[in-house]
Amino acid sequence: MTDHLVRGARLLGGDPADLLLRGGRIAAVGADASRAAGRDAVVVDADGLVALPGLVDLHTHLREPGREDTETVATGTRAAALGGFTAVHAMANTSPVADTAGVVEQVWNLGREAGWVDVHPVGAVSVGLEGKVLAELGAMAQSAARVRVFSDDGRCVADPVLMRRALEYVKGLDGVIAQHAQEPRLTEGAQMHEGAVSAELGLAGWPAVAEESIIARDVLLAEHVGSRLHVLHLSTAGSVDIVRWAKARGIAVTAEVTPHHLLLTDELARSYDPLFKVNPPLRTAEDVEAVRAGLADGTIDTVGTDHAPHAAEDKDCEWAAGAFGMTGLETALSVVQEVMVDSGRLTWADVARVMSEAPARIGRVTGHGRPLAVGEPANLTLVDPAARRVVDPAAQATRSRNTPYAGRELPGRVVATFLRGRPTVVDGAPVAREEAGA
Ligand SMILES: [Zn+2]
């Protein structure tokens, strides 16, 4: 494999330094890198670019098997590489559901064949996501896919007995239950956040308590059982308070926020454009401020994209008929830069923590989320923080067009991404494995 000499990258936003990528690892850092580089090393000019460890997403919907018209493992992971990711977790709500060793191994294999990022399948908690019978968690953990994250995402594990059993079961697997916190009875027919805007628009409301009551229950269950809980796409101020309380109490809970819940509010529902329809719904400006503060103070551990591709016919329709979900792999880092970095609330080192180190740790992903240091796997991304771009859905690599940021100008551009020393993105364009000479 070709050596790469990355020249003058600002490591985690700090001082510029050179990096030599050789044999899939970071072979040298700083002045040693140029000295150690052979004449045939490919030089990557990273002047002005920020180097981050490759991003890790705990929350991606790749839609394969079942809805290859909206995304495949190959198209979704290419989009991920373009967004700066080197590893993603593929949610289990496919068709068939990823609730057996066979399906998770299929997804894992598709990821290996595509070669854009490492794909870590999430295993369903319950058979068919039906919330009744525990799926074969042990078989999925012991499969080639080595599943450690289990979730019925898209649906809530609403039955407290099933949730308790799941938490007990994953303890012995070093696993974690990632909960989609949505009390189903409190959200029947719900279309958007319950509040002033929903009342004005006459749309059925989705109260904050539907999320908060499940999180409160689950942190107590996690404490009782002594197991690990991960709260997916936390979206309300009350949820931040509950997680903060639980952490202070020593409960093994981690939490995620999505880029869209960091930036957008329920005011967007006034457009009646289902592009802004998502689960959990966009909340109020006060909630947005609370999740930003929670991410800044460490209550929220990680940013997960909840990349959810949908067919045009499921979004180009009336609000009530629209599907829940937004794409996000190619815009996540830009949104985090705009909301958290350019505002001074997070440093680039913090971004490395919330978008790489923490998700890798929570998902038990080895080789990712590591320091940019000698001997570490060469999984990294180079970002131009000074760049600005207008989001064009048609220009994105994802097979679906349901980005909520169409026409919006966002900061930052992923210039290059390396997966174990092999470039997957160069000059902002994807590089297939064959072209990379690997
Ligand atoms: Zn979800």
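See the structure above.
Residues numbered from 1 in each chain as written. Predicted model: local features only at pLDDT ≥ 70, side-chain atom pairs only at ≥ 80, totals over all residues. Heavy atoms only, no water.

### Some words on the sheet that holds strand E6 (residues 55-60)
Here comes step 1: Sheet architecture is open: three strands sit in the order E6-E7-E8, paired in parallel fashion. Looking along the sheet, the strands with just one partner apiece sit at the ends: E6 and strand E8 (118-121). With direction set aside, neighbouring strand axes in the sheet form an average angle of 20°.
Here comes step 2: Here helix H12 (residues 348-363) sits on the sheet and contacts E6 and strand E7 (85-90); the angle it forms with E6, its principal contact strand, is near 55°. (Pairing = 2+ DSSP bridges. Helix = DSSP H or I, 4+ residues; strand = E, 2+ residues; numbered from the N terminus. Axes fitted to C-alpha atoms, helices over the stretch in contact; angles between N-to-C directions. Contact = heavy atoms within 4.5 Å.)

### So, the sheet that holds strand E10 (residues 176-179)
Sheet strands associate in pairs through backbone hydrogen bonding, adopting either a parallel or an antiparallel arrangement.
Here comes step 1: The five strands are arranged E9-E10-E13-E14-E15 in an open sheet whose pairing can be described as parallel. The strands lining the two open edges of the sheet, one partner per strand, are strand E9 (149-150) and strand E15 (302-303).
Here comes step 2: Pairing of E10 with strand E13 (residues 229-231), which is carried by three bridges, proceeds in the parallel orientation. Bridging from a neighbouring strand, isoleucine 177 pairs with leucine 229 of E13.
Here comes step 3: Against the sheet, helix H7 (residues 208-225) engages E10, E13 and strand E14 (253-257), with an angle of about 165° to E13.

### With respect to H7
Here comes step 1: An ideal rise of 1.5 Å per residue puts 26 Å on 18 residues; H7 measures up with 26 Å between its terminal C-alpha atoms.
Here comes step 2: The complete set of buried residues in H7 reads Ala208, Ala210, Glu211, Glu212, Ile214, Ile215, Arg217, Asp218, Val219, Leu221, Ala222 and Val225.
Here comes step 3: Tucked into the core, H7 has its buried residues touching helix H5 (160-171), E10, strand E12 (205-206), E13, helix H8 (237-248) and E14.
Here comes step 4: The positive-phi residue at the C-terminal boundary of H7 is glycine 226, with phi of around 75°. (Expected span 1.5 Å × (residues − 1). Buried < 20%, exposed > 50% of the residue type's maximum accessible area, 1.4 Å probe, protein only.)

### Some points on the packing of helix H2 (residues 73-82) against helix H3 (residues 101-114)
Here comes step 1: As a packed pair, H2 and H3 sit with axes 9 Å apart at the nearest point and diverge in direction by 60°. Taken together, the axis directions place H2 and H3 in an arrangement best described as oblique. With respect to the hand of their crossing, H2 and H3 are arranged in right-handed fashion. On the side of H2, the interface is formed by Val73, Ala74 and Thr77, while H3 contributes Val107, Leu110, Gly111 and Ala114.
Here comes step 2: Considered class by class, the residues forming the contact of H2 with H3 number five nonpolar, two polar and no charged. (Parallel < 35°, antiparallel > 145°, perpendicular 65-115°, else oblique. Left-handed = near helix turned anticlockwise from the far one by under 90°. Nonpolar A, V, L, I, M, F, W, Y, C, P; charged D, E, K, R; others polar.)

### Quick word on the coordination of the zinc ion
Here comes step 1: At the metal site, the zinc ion is ligated by Asp153 (OD), His180 (ND1) and His233 (NE2), and these contacts range over 1.9 to 2.3 Å.
Here comes step 2: Here the donor residues for the zinc ion map to a single chain with the spacing D-x26-H-x52-H. Highlighted residues: histidine 180 in the loop between E10 and strand E11 (192-193) and histidine 233 in the loop between E13 and H8, separated in sequence by 53 residues. With respect to burial, histidine 180 and histidine 233 carry one shared label: buried. (Donors = N, O, S within 2.8 Å, 3.2 Å for Na, K, Ca; no water.)

### Concerning the pattern of salt bridges
Here comes step 1: Across all of its chains, the model carries 19 salt bridges by this definition.
Here comes step 2: Between arginine 364 and aspartate 174 there is a salt bridge, with the nearest N and O atoms lying 2.8 Å from each other. Taken together, the residues arginine 364 in the loop between H12 and strand E16 (380-390) and aspartate 174 in the loop between H5 and E10 connect sequence positions 190 residues apart.
Here comes step 3: A salt bridge links aspartate 301 to lysine 247, with the nearest nitrogen and oxygen atoms 2.7 Å apart. Here aspartate 301, found in the loop between helix H10 (285-296) and E15, pairs with lysine 247, found in helix H8; they are 54 residues apart in sequence, far enough to count as distant.
Here comes step 4: By relative accessible area, aspartate 301 is classed as buried at 11%.
Here comes step 5: Look at lysine 247 and you get partly exposed, because its relative accessible area is 25%. (Salt bridge = Lys/Arg side-chain N within 4 Å of Asp/Glu carboxyl O.)

### Some remarks on the packing of helix H11 (residues 332-341) against H12
Here comes step 1: With their axes 11 Å apart at the nearest point, H11 and H12 run at an angle of 130° to one another. The orientation of H11 with respect to H12, classified from their angle, is oblique. Helix-helix and strand crossings are classified by hand; for H11 and H12 the assignment is right-handed. Here Ala332, Leu333, Val336, Gln337 and Val341 of H11 lie close against H12, whose contacting residues are Trp348, Val351 and Met355.

### With respect to the packing of aromatic side chains
Here comes step 1: Under the definition given, this model contains one aromatic pair.
Here comes step 2: Note on tryptophan 206 and phenylalanine 324: the rings are 5.7 Å apart at their centroids and 65° apart in plane angle, and the pair reads as edge-to-face. Note that tryptophan 206 is positioned in strand E12 and phenylalanine 324 in the loop between E15 and H11, a separation of 118 residues in sequence.
Here comes step 3: We classify phenylalanine 324 as partly exposed; its relative accessible area is 30%.
Here comes step 4: Above the plane of the ring of phenylalanine 324 lies lysine 277, whose end atom (NZ or CZ) is 4.7 Å from the centre. (Phe/Tyr/Trp six-rings, centres within 6.5 Å; stacked < 30°, edge-to-face > 60°. Lys NZ or Arg CZ within 6 Å of the ring centre and 35° of its normal.)

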